[in-house]
Amino acid sequence: MSKKALDGVKILDFTHVQSGPTCTQLLAWFGADVIKVERPGEGDATRGQLRDIPGVDSLYFTMLNHNKRSVTINTKKVGGMAVLDRLIQNCDVMVENFGPGVLERMGITWERIQELNPRLIVASVKGFGAGPYAECKVYENVAQCAGGAASTTGFDDGPPLVTGAQIGDSGTGLHLALGIVAALYQRTHSGRGQKVLAPMQDAVLNLCRVKLRDQQRLERTHTMNEYPQYPDGKFGDAVPRAGNASGGGQPGAILKCKGWETDPNAYIYFITQAAVWHSVCTVIGEPKWITDEAYATPQARLLHLKPIFARIEQWTKTKTKFEAMDILNTYDIPCGPILSMKEIAADRSLYDSGTLVEVDHPTRGKYLSVGNPIKLSDSPTEVTRSPLLGEHTDEVLAQLGFDASEIGALRLEGAI
Ligand code: COA
């Protein structure tokens, strides 16, 4: 097996559901030895959630816990805490995303960790950072709402919307993974561990950075010319929902393509990038727009975005999204087909790059998953299946120095 970027790094993975597991899965893909600690008999709640095959680990679980080992430990038993202490002493990083106060109630305070292993990096996902909501439990959509995503997503005449992309959970997991790698690097100089915190609200806000940019622009100028509310609608005092407008310097829209009447995904995202405006006019058959004062400059076009996109849509409706994509790309016009999950799952190039992988599981059989989206040229990812509950308990305990009779006693106590 080839060497990996995080070879030799041991992770005590005390995570559950989605945010924490995404983080530790990435670390495992980079080569870390990730030891997932789960409650005996039950395990991570997602093992049993959204099950499609009775009695078999759900796709929710399998797709978030590749390349890990599973150890069952009951932390409410004395013997369980003894095993956990041994893990803390032997690992480089502990990752957790329990509700606020859970670790402390277990007796795993920062002071205790300092006694056991001052080199340990303790990385946490919480819903909120310090402040009025610090004690709240949080799931994905709460974070999307509290981080500014929901209020800025959707159409102006509709309610706030959450997005299908799991920016609160997986997005925070990504942030946490980066914090962990930075802390590991700092430890090479300082010799000490540290606490790493990624609150979900903060991670979502970080991903909504451009909307805070727009809030300040709005307060200064009371209008934003590239938003669909311009020029006819009204702006309030907070950044409005912008539908499918690009929100950047290059206007864009989702337009119908051939077949839209029956196919809910027969659409294309079309960007009228200033640099290729001539080509846009040529392709759609409006060459006079190249010189027409009302359309010739980006500034002038902002007053006419609705009719411009309506005219472009007349053209896109005559093509399938893939035909339109092929034609537009020959002119370097930025665009993208709206791809369904079904279409993505059939995209061979994503398999070739390892971003889509087929994995074999002993009780589930073959299933499709998303592999590592981050490619390191010297640390290729080999995706292996998620562990069964407690599959590696004996193996890991033996590595921690417990002998067979101690393991038997722990089992008798219900501690593992
Ligand atoms: N053995 C024994 N008990 C265990 C255990 C083990 N191996 N692992 C966990 N537990 C216990 C804990 O001690 C705790 O018990 P306590 O409340 O008596 O102290 C309990 O299980 C876990 O509590 P909690 O983390 O609050 O779980 P929950 O199911 O009530 O809440 C979340 C789930 C996700 C809402 C909550 O964990 C949370 O807010 N996490 C932080 C934010 C987050 O990551 N959210 C996104 C999840 S995708």
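Since this is a predicted model, take the numbers as computed values, not measurements.

Cut-offs applied
- Here, residues in each chain are numbered from 1, in the same order as that chain's written sequence.
- Predicted model: local features are reported for residues with pLDDT of at least 70 only, side-chain atom pairs are reported and counted for 80 or more only, and whole-chain, interface and lining totals are derived from all residues.
- Values reported for side chains reflect all heavy atoms of the structure, with hydrogen atoms and water molecules removed beforehand.
- Numbered from the N terminus, helices here are DSSP runs of H or I no shorter than four residues, and strands are runs of E no shorter than two.
- Residue burial is assigned from relative accessible area. The probe radius is 1.4 Å, only protein chains are included, and a residue is buried under 20% of its type maximum, exposed over 50%, and partly exposed in between.
- Only heavy atoms enter the contact rule, under which two residues are in contact if any of them lie within 4.5 Å.
- For the purposes of this section, nonpolar cores are sets of buried Ala, Val, Leu, Ile, Met, Phe, Trp, Tyr and Cys residues that join through side-chain atoms within 4.5 Å.
- Cysteine sulfur atoms that pair up within 2.5 Å are treated as a disulfide.
- Only when DSSP finds a minimum of two bridges between them are two strands counted as paired.
- The convention used is that axes are lines fitted to C-alpha atoms, helices contributing only their stretch in contact, and that angles between N-to-C directions extend from 0 to 180 degrees.
- We call a residue near a molecule or strand as soon as one heavy atom of that residue lies within 4 Å of the molecule or strand.
- Each polar contact in these results corresponds to two N or O atoms within 3.5 Å; when the atoms are within protein, one needs to be able to donate a hydrogen and the other to accept it, and residues that are neighboring in sequence are counted only if both atoms are side-chain atoms.
- Per-residue accessibility takes into account occlusion by the displayed protein chains alone, with areas from the Shrake-Rupley method and a 1.4 Å probe.
- For this scheme, ten residues count as nonpolar: Ala, Val, Leu, Ile, Met, Phe, Trp, Tyr, Cys and Pro. Four count as charged, namely Asp, Glu, Lys and Arg, and the remainder, Gly too, count as polar.
- Side-chain rings of Phe, Tyr and Trp, where Trp is taken by its six-membered ring, are said to pair if the distance between their centres is within 6.5 Å; with planes under 30 degrees apart they count as stacked, over 60 as edge-to-face, and otherwise as tilted.
- Here, over-ring charges are defined by two tests on the NZ atom of lysine or the CZ atom of arginine: distance to the ring centre within 6 Å, and angle to the ring normal within 35 degrees.
- Angular relationships are summarised with four words: roughly parallel below 35 degrees, roughly antiparallel beyond 145, roughly perpendicular across 65 to 115, and oblique for the angles in between.
- Handedness of a crossover: with both strands directed away from the viewer, a clockwise path from the first strand across the helix to the second marks it as right-handed.
- In this description, one arc is meant: the one made by directions from the helix axis to the C-beta atoms.
- Take a side-chain nitrogen of Lys or Arg and a carboxyl oxygen of Asp or Glu: if they are within 4 Å of each other, that pair is a salt bridge.

1. Looking at the overall build of the protein
Logical step 1: Regarding its fold elements, the protein presents 17 helices and eleven strands.
Logical step 2: Its C-alpha atoms put the protein at 85 × 45 × 40 Å along the principal axes.
Logical step 3: Taking all 416 residues of the protein together, 45% fall into the buried category.
Logical step 4: Here the analysis covers contacts within the protein between residues at least 6 apart in sequence; of these, 66% occur between residues at least 24 apart.

2. A few points about the nonpolar core
Logical step 1: Ranked by size, the top nonpolar core spans 31 residues in total, and within it Ile-11, Leu-27, Val-93, Val-95, Leu-176 and Ile-180 carry the most contacts.
Logical step 2: Listing elements by their share of this core, those giving two or more residues are α1 (19-29), β4 (93-96), β5 (121-126), α7 (170-190), β6 (195-199) and α8 (200-207).
Logical step 3: In this structure, Leu-12, Cys-91, Met-94 and Leu-116 belong to the second largest nonpolar core, which totals 28 residues.

3. Topic: the state of the cysteines
Logical step 1: Applying the stated rule across the entire model yields zero disulfides.
Logical step 2: With no disulfide of its own, Cys-208 has Cys-145 as its nearest cysteine by sulfur position, at a separation of 11 Å.
Logical step 3: Relative accessible area serves as the criterion here: at 10%, Cys-208 is assigned to the buried category.

4. Some remarks on the sheet that holds β6
Logical step 1: Read from one edge of the open sheet, six strands run β3-β2-β1-β4-β5-β6, paired in parallel fashion. Taken across any chain shown, the strands that pair with only one partner, and hence form the sheet edges, are β3 (68-72) and β6. Taking each pair of neighbouring strands and ignoring which way they run, the sheet shows an average axis angle of 20°.
Logical step 2: Pairing analysis gives four bridges linking β4 to β5, with the strands arranged parallel. The residue bridging Met-94 from the neighbouring strand is Val-122, located in β5.
Logical step 3: Packed onto the sheet, α7 meets β4, β5 and β6 and runs at close to 165° relative to β6.

5. Structural notes on the site of the ligand
Logical step 1: The ligand sits among 23 residues. The nearest are Arg-39, Ile-73, Gly-99, Lys-137 and Val-138.
Logical step 2: Within the side chain of His-16, an N or O atom sits 3.0 Å from an oxygen atom of the ligand.
Logical step 3: Take Gly-99: an N or O atom from its main chain is 2.8 Å from an oxygen atom of the ligand.
Logical step 4: For the ligand, the accessible surface in isolation is 940 Å², of which the surrounding protein chains cover 83%.
Logical step 5: For the shell around the ligand, the class distribution of residues is nine nonpolar, eight polar and six charged.

6. Re the packing of aromatic side chains
Logical step 1: Per the stated rule, a full pass over the model turns up four aromatic pairs.
Logical step 2: Taken together, a centroid distance of 6.2 Å and an interplanar angle of 5° make the contact between Trp-277 and Trp-289 stacked. Of this pair, Trp-277 sits in helix α10 (residues 277-284) while Trp-289 sits in the loop between α10 and α11 (298-301), and the two are twelve residues apart along the sequence. The pair Trp-277 / Trp-289 is uniform in exposure class, with both members buried.
Logical step 3: Taken together, a centroid distance of 4.3 Å and an interplanar angle of 10° make the contact between Trp-289 and Tyr-295 stacked.
Logical step 4: An aromatic cluster is present here, built from Trp-277, Trp-289 and Tyr-295 joined pairwise through their rings.
Logical step 5: Above the ring of Phe-402, the side-chain terminus of Arg-86 is found at 4.0 Å from the ring centroid.
Logical step 6: Here the basic side chain of Arg-348 rests over the ring of Tyr-351, its NZ or CZ set 4.1 Å away from the ring centre.

7. Quick look at the packing of α7 against α8
Logical step 1: Packing of α7 against α8 leaves a shortest axis separation of 9 Å and a crossing angle of 95°. Viewed along their axes, α7 and α8 adopt a mutual orientation that is roughly perpendicular. Across from Gly-171, Thr-172 and His-175 in α7, the residues of α8 making contact are Met-200, Ala-203, Asn-206 and Leu-207.
Logical step 2: When grouped by side-chain class, the residues that make up the contact of α7 with α8 number three nonpolar, four polar and no charged.

8. Some points on the pairing of strand β1 (residues 10-14)
Logical step 1: With four of its five residues buried, β1 lies for the most part within the structure.
Logical step 2: As paired strands, β1 and strand β2 (residues 33-38) are joined by four bridges and run parallel to one another. Its bridge partner lying in β2, Ile-11 is registered against Val-34.
Logical step 3: Between β1 and its parallel partner β2, the chain crosses via α1, and the hand of that crossover is right-handed.

9. Details of α8
Logical step 1: Here α8 has its buried residues at Met-200, Ala-203 and Val-204. Within α8, the buried residues cover an arc of 95° as seen down the axis, which keeps them to one side.
Logical step 2: Buried residues along α8 sit against β5, α6 (140-146), α7 and β6.

10. Structural notes on the pattern of salt bridges
Logical step 1: In this structure the tally under the stated criterion is 23 salt bridges.
Logical step 2: Among the ionic pairs, Lys-321 bridges to Glu-343, the shortest N-O distance being 2.9 Å. Taken together, the residues span a long stretch of sequence, with Lys-321 in helix α13 (residues 321-330) and Glu-343 in helix α14 (residues 341-345) at a distance of 22 residues.
Logical step 3: Its relative accessible area of 27% is what places Glu-343 among the partly exposed residues.
Logical step 4: Between Asp-394 and Arg-411 there is a salt bridge whose closest N-O contact spans 2.7 Å. Of this pair, Asp-394 sits in helix α16 (residues 393-399) while Arg-411 sits in helix α17 (residues 404-413), and the two are 17 residues apart along the sequence.
Logical step 5: For Arg-411, a relative accessible area of 42% translates into the label partly exposed.
Logical step 6: In this structure, a network of salt bridges that share partners links the residues Arg-213, Asp-214, Arg-217 and Glu-226.

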